[in-house]
Amino acid sequence: MAVQWYPGHMNKARRIIKESMPDVDLVIEVMDARIPFSSENPMVAELRQHRPCIKILNKSDLADPATTKLWLKHLEKEQGVKAQALSVLDKSKTKNLPALCRKLLPGRGSAVKPIRVMIMGIPNVGKSTLINTLAGKTLAKVGDEPAVTKVVSSTQQRIILEGGIALSDTPGILWPKIENGNSSYRLAVTGAIKNTAIDFEDIAMFAAEYLVSAYPERVVERYKLKACPETDIGLLEAIGKKRGCLRAGGVIDLQRVSEILIHEIRAGDLGPLSFETPDMIELETTVDEE
Ligand code: G4P
């Protein structure tokens, strides 16, 4: 279920997680490896305070490995943060997480003194999948609503994992960066937010503009083009012609082409793609501040 986030929801989500924090020793923030900045919630640092944090760049199977490496280095600049690229669908990749938790909190991690872990993140980044993978069973998926996460001590159950880890069974749900123009487009392109006020053709145009500059060779390969078009609309027209998305009179059906491009990006059909790099974000955020 997708919800629109309003200031009231955000305050509520923040308050609920804050109330749970006294019973949490370590935070795992799940982010989307394709858009680490846009899928990160800046409130995590304030909420976790001194507690160590593992930032998981999930869906790394869909992200550009070279860019993911840059992000891992960048994220670990923050005090108390360890960053890991993962695909939580792959159980073999998540099995090292308990050991990493114990490394970050050497004084805890026994049956008597377990490490109490809370998973946090914006909707759709893979929080529930991670909990299920760690728990080794499928737990009910919680709705993407700020009210779903209840205070740990009163209503949440803990899943006891091997090696002295007590994991809260419901994640802390935080809001996406919808107020930031480029971030909301990137969240929409990758499917992190689906019900968005942005028009579908607009989302495809944003994606096409980025692809022709960042991944021209992928575009050529996927759509069997002679050369990569130079503009967003040029790419959408080229895809439309290749896929027979034409209306009467030979005009490109922009809605259909947009759907094809976005669907194929989300499915990973163009290969692993990242939609932001630390340098891009530094530039964008500096411009925003000016
Ligand atoms: P959430 O609790 O944070 O809201 O996310 P959830 O685990 O429900 O995962 C959201 C979608 O992302 C799911 O797909 C899930 O299978 C997919 N997903 C999670 N981790 C990974 C990963 O490492 N790699 C890939 N490729 N996909 C992952 P879904 O149920 O089909 O939903 P949707 O894709 O239609 O939104």
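Anything mentioned here points back to the structure above.
In this report, we go over the structure that sits alongside the text. Nothing here was measured: the structure is a model prediction, and the numbers come from that model. (Residues numbered from 1 in each chain as written. Predicted model: local features only at pLDDT ≥ 70, side-chain atom pairs only at ≥ 80, totals over all residues. Heavy atoms only, no water.)

### As for helix H6 (residues 127-135)
Along an α-helix, residues three or four positions apart point the same way, because every turn accommodates 3.6 residues. Heads up, the rule is: Categorising residues by exposure relies on relative accessible area from a 1.4 Å probe, with only protein chains included: less than 20% of the type maximum marks a residue as buried, more than 50% marks it as exposed, and the intermediate range marks it as partly exposed. A run of DSSP states H or I qualifies as a helix once it reaches four residues; a run of E qualifies as a strand once it reaches two. Both are numbered from the N-terminal end.
Along H6, eight of the nine residues are buried, which leaves the element largely enclosed by surrounding structure. Within H6 the residues assigned to the buried category are Lys127, Ser128, Leu130, Ile131, Asn132, Thr133, Leu134 and Ala135. Count one or two residues on from H6 and you reach Gly136, which has phi positive near 75°.

### Details of the site of the ligand
This is how the line gets drawn: Throughout, the term near means that a residue has one or more heavy atoms lying within 4 Å of the molecule or strand in question. Under this definition, polar contacts are N or O atom pairs within 3.5 Å; protein pairs additionally need one hydrogen-donor-capable and one acceptor-capable atom, and for neighbouring residues in sequence, both atoms have to be side-chain atoms. The nonpolar class holds Ala, Val, Leu, Ile, Met, Phe, Trp, Tyr, Cys and Pro. Asp, Glu, Lys and Arg form the charged class, and all remaining residues, Gly among them, are polar.
Taken together, 18 residues surround the ligand, and among them Asn124, Lys127, Ser128, Thr129 and Lys194 come closest. Asn124 places a polar main-chain atom, nitrogen or oxygen, 2.8 Å from an oxygen atom of the ligand. When residues in the shell around the ligand are grouped by element, the largest group, three residues, is from H6. Among the residues making up the shell around the ligand, the classes are represented as six nonpolar, six polar and six charged.

### A short note on the packing of helix H9 (residues 200-214) against helix H12 (residues 254-267)
Stated precisely, the cut-off is as follows: Note on geometry: axes are lines fitted to C-alpha atoms, helical ones only across the stretch in contact, with angles between N-to-C directions running from 0 to 180 degrees. Under this scheme an angle from 65 to 115 degrees is roughly perpendicular, one under 35 degrees roughly parallel, and one over 145 degrees roughly antiparallel; angles in between are oblique. The hand of a helix crossing depends on one turn: near helix anticlockwise from the far one by less than a right angle means left-handed, and clockwise means right-handed. By definition in these notes, contact holds between two residues if any of their heavy atoms fall within 4.5 Å.
Between H9 and H12, the shortest axis-to-axis distance is 9 Å and the interhelical angle comes to 60°. As the angle between them shows, H9 and H12 are arranged oblique. For the pair H9 and H12, the sense of crossing is left-handed. Across the interface between the two elements, Phe200, Glu201, Ile203, Ala204, Met205, Ala207, Ala208 and Leu211 from H9 touch Leu254, Gln255, Ser258, Glu259, Leu261, Ile262 and Ile265 from H12. Among the residues forming the contact of H9 with H12, the class breakdown is 11 nonpolar, two polar and two charged.

### Things to note about the environment of Lys226
As for its placement among the helices and strands, Lys226 is situated in the loop between helix H10 (216-223) and helix H11 (232-242). Sequence separation between Lys226 and Pro278 is 52 residues, and the spatial gap between their C-alpha atoms is 32 Å.

### A look at the state of the cysteines
To keep it simple, the criterion reads: Pairs of cysteine sulfur atoms within 2.5 Å are identified as disulfides in what follows.
The tally for this structure, following the rule as stated, stands at zero disulfides. Of all cysteine sulfurs in the structure, the one in Cys53 sits closest to Cys101, which takes part in no disulfide; the separation is 10 Å. Residue Cys101 is classed as buried on the basis of its relative accessible area, which comes to 2%. Unpaired in this structure, Cys245 has its nearest cysteine sulfur neighbour in Cys228, at a distance of 18 Å. Judged by relative accessible area, Cys245 falls into the buried class, the value being 0%.

### Here we look at empty space enclosed by the protein
Rules: A cavity here means a set of 1 Å grid points, computed over protein atoms only, where a 1.4 Å probe fits but cannot escape. A pocket is an open set with protein on both sides within 12 Å along at least 5 of 7 lines, and lining residues have an atom within 4 Å of a point. Grid points are joined across faces, edges and corners, and a volume is the space filled by probe spheres set on the points.
If you walk through the whole model with that rule in mind, you get two cavities of 30 Å³ or more. Counting only elements with at least two residues in the lining of the second largest cavity, the list comes to helix H5 (97-104) and strand S6 (165-168). Top contributing element to the lining of the second largest cavity by residue count: H5, with three residues. Of the residues in the lining of the second largest cavity, the class split is nine nonpolar, no polar and no charged.

### Notes on the pattern of salt bridges
Quick reminder of the rule: The term salt bridge refers to a side-chain nitrogen of Lys or Arg lying within 4 Å of a carboxyl oxygen of Asp or Glu.
Applying the stated criterion to the full structure yields 18 salt bridges. One salt bridge in this structure joins Arg14 and Glu46, with 2.9 Å as the shortest N-O distance. Within this pair, whereas Arg14 is found in helix H1 (residues 7-20), its partner Glu46 is found in helix H2 (residues 43-48), the two being separated by 32 residues in sequence. Since its relative accessible area comes to 26%, Arg14 is described here as partly exposed. For Glu46, a relative accessible area of 38% translates into the label partly exposed. A salt bridge links Arg108 to Asp25, with the nearest nitrogen and oxygen atoms 3.2 Å apart. Here Arg108, found in the loop between H5 and strand S4 (115-121), pairs with Asp25, found in the loop between H1 and strand S1 (26-32); they are 83 residues apart in sequence, far enough to count as distant. Assessed through its relative accessible area of 25%, Arg108 is described here as partly exposed.

### Comments concerning the packing of aromatic side chains
Where we set the bar: Under the pairing criterion, centres of Phe, Tyr and Trp rings, with the six-membered ring standing for Trp, must be within 6.5 Å; the plane angle then separates stacked pairs below 30 degrees from edge-to-face pairs above 60, leaving the rest tilted.
Overall, the coordinates contain three aromatic pairs when judged by the stated rule. An angle of 10° between the planes, with centres 4.8 Å apart, marks the rings of Tyr185 and Phe206 as stacked. Of the two residues, Tyr185 is situated in helix H8 (residues 181-190) and Phe206 in helix H9; the sequence distance between them amounts to 21 residues. By relative accessible area, Tyr185 is classed as partly exposed at 21%. For the ring pair Tyr210 and Phe275, a centre distance of 5.3 Å and an interplane angle of 40° mean the geometry is tilted. Placement of the pair is Tyr210 in helix H9 and Phe275 in the loop between H12 and helix H13 (278-289), with a sequence separation of 65 residues. Just as Tyr210 is buried, Phe275 falls in that class too.

### As for the layout of surface pockets
By rolling a water-sized probe across the atoms, one finds the places where empty space is left. Stated precisely, the cut-off is as follows: Domain delimitation in this document rests on an assignment produced automatically or drawn from a domain database.
Roughly 350 Å³ of volume is contained in the second largest pocket. Around the second largest pocket, the lining is made up of 16 residues, and of these Trp71, His74, Leu75, Pro278 and Ile281 lie nearest the centre. At the level of elements, helix H3 (65-75) and H13 are the ones that each hand at least two residues to the lining of the second largest pocket. Looking at the lining of the second largest pocket residue by residue, the classes come out as seven nonpolar, two polar and seven charged. When residues of the lining of the second largest pocket are assigned to domains, at least three fall in each of domain 1 (9-169) and domain 2 (199-289).

Just distances and angles here, no functional claims.
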